[in-house]
Amino acid sequence: AQSVSQHNHHVILSEAASLELGCNYSYGGTVNLFWYVQYPGQHLQLLLKYFSGDPLVKGIKGFEAEFIKSKFSFNLRKPSVQWSDTAEYFCAVFYNQGGKLIFGQGTELSVKP
Amino acid sequence: DAGITQSPRHKVTETGTPVTLRCHQTENHRYMYWYRQDPGHGLRLIHYSYGVKDTDKGEVSDGYSVSRSKTEDFLLTLESATSSQTSVYFCAISESGTGIAKNIQYFGAGTRLSVL
């Protein structure tokens, strides 16, 4: 079955710490990969996406993600987090076979000032 | 924002009553989706539409129906609401065409539904 797994449910960091959120997905043919962010009380916003090419993708607000095909992973990183990064982060995978966007369970990030 | 309006934004209802949630888009996109968001489950697809009067079931469609009579509107109906349907409901849209841009979904602000 097509599935997406996020390793951490809740991450707590201090400002300026580095961030890495894990995301793994099950094999299912060709995929497109996404990270969405949901700030408290708001809707999901697209943070970054990967379709093809350079496996290191840069998104908004200093976030980046690396696609490692051999590990079926798409981890999100940021070198130095800010209090304003407090939000829930969702990894999502679009499986071209079946045409569905599958979400991970989400990771809640709390950044302490 | 992607030109998506969900209404109502908040609703409290009683078990057994019918509820209809509305998603309206101004982008003229072909594809529209309804998801529910629950803690520990991320977002799960309820139903989706690939055109006027063309809809299909998603992962968690039991207890829900949808209708799309116009390109811009996608309605989600809970025929007889149950407490297990207490959730936050998100509408999403994606572009038309055959390019990979159609694989990018944009989300509305959500509707928080409480069934008592």
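To be clear, the structure that these remarks concern was listed above.
Now for a description of the structure that goes with this document.

Rules used in this analysis
Each chain carries its own residue numbering, running from 1 in the written order of its sequence. To read the labels, note that chains go from A and ligands from 1, taken in the order they are written. Selection of residues for local features in this predicted model requires a pLDDT of at least 70, selection of side-chain atom pairs for listing and counting requires 80 or more, and totals for whole chains, interfaces and linings are taken over all residues. Only hydrogens and water are set aside; all other atoms, that is, all heavy atoms of the structure, feed into the side-chain values. Helix numbers and strand numbers start at the N terminus; a helix is a DSSP run of H or I with at least 4 residues, a strand a run of E with at least 2. Here a residue-residue contact requires only that any non-hydrogen atoms of the pair lie within 4.5 Å. By nonpolar core is meant a set of buried Ala, Val, Leu, Ile, Met, Phe, Trp, Tyr and Cys residues that side-chain atoms within 4.5 Å join together. Relative accessibility decides the category of a residue: with a 1.4 Å probe and only protein chains considered, values under 20% of the type maximum give buried, values over 50% give exposed, and everything between is partly exposed. Here the term cavity refers to a set of points on a 1 Å grid, laid over the protein atoms alone, in which a 1.4 Å probe fits but cannot get out; the term pocket refers to an open set having protein on both sides within 12 Å along at least five of seven lines, with lining residues being those that place an atom within 4 Å of a point. Grid points are joined across faces, edges and corners, and a volume is the space filled by probe spheres set on the points. When residues are grouped by polarity, Ala, Val, Leu, Ile, Met, Phe, Trp, Tyr, Cys and Pro land in nonpolar, Asp, Glu, Lys and Arg in charged, and all others, Gly among them, in polar.

1. Concerning the environment of A87 of chain A
1) Next: You can see A87 of chain A is positioned in strand β10 (residues 87–95).
2) Next: Those residues within four positions of A87 of chain A in sequence are excluded, and the remaining contacts are V37, Q38, Y39, P40, T107, E108 and L109 of chain A.

2. Focus on the nonpolar core
Generally speaking, a soluble globular protein has its nonpolar side chains buried in company with each other.
1) Next: Core analysis: the biggest nonpolar cluster contains 30 residues, and Y25, L33, W35, L48, F74, L76 and Y89 of chain A have the highest contact counts within it.
2) Next: Counting residues per element, this core draws most heavily on β10 of chain A, which supplies five residues.
3) Next: Core analysis: the next-biggest nonpolar cluster, separate from the first, contains 20 residues, F51 of chain A together with Y31, V88 and F107 of chain B among them.

3. Thoughts on the environment of K69 of chain A
1) Next: Considering the arrangement of structural elements, one finds K69 of chain A in the loop between β8 (64–68) and β9 (73–78).
2) Next: Along the backbone, K69 of chain A and Y27 of chain A are 42 residues apart, and their C-alpha atoms lie at a distance of 9.9 Å.

4. Details of the layout of surface pockets
1) Next: As a volume, the largest pocket reaches approximately 450 Å³.
2) Next: Surrounding the largest pocket, 26 residues form its lining, Q38, G41 and Q42 of chain A together with Q37 and R112 of chain B being those nearest its centre.
3) Next: Counting only elements with at least two residues in the lining of the largest pocket, the list comes to β10 and β12 (107–112) of chain A together with β4 (31–38), β9 (87–94) and β11 (111–115) of chain B.
4) Next: Considered class by class, the residues forming the lining of the largest pocket number nine nonpolar, twelve polar and five charged.
5) Next: Approximately 240 Å³ is the volume attributed to the second largest pocket.
6) Next: Residue lining of the second largest pocket: 15 residues in total, with I102 and F103 of chain A together with L43, R44 and E59 of chain B positioned closest to the centre.
7) Next: Counting residues per element, the ones that place at least two in the lining of the second largest pocket are β11 (100–103) of chain A together with β5 (42–51) of chain B.

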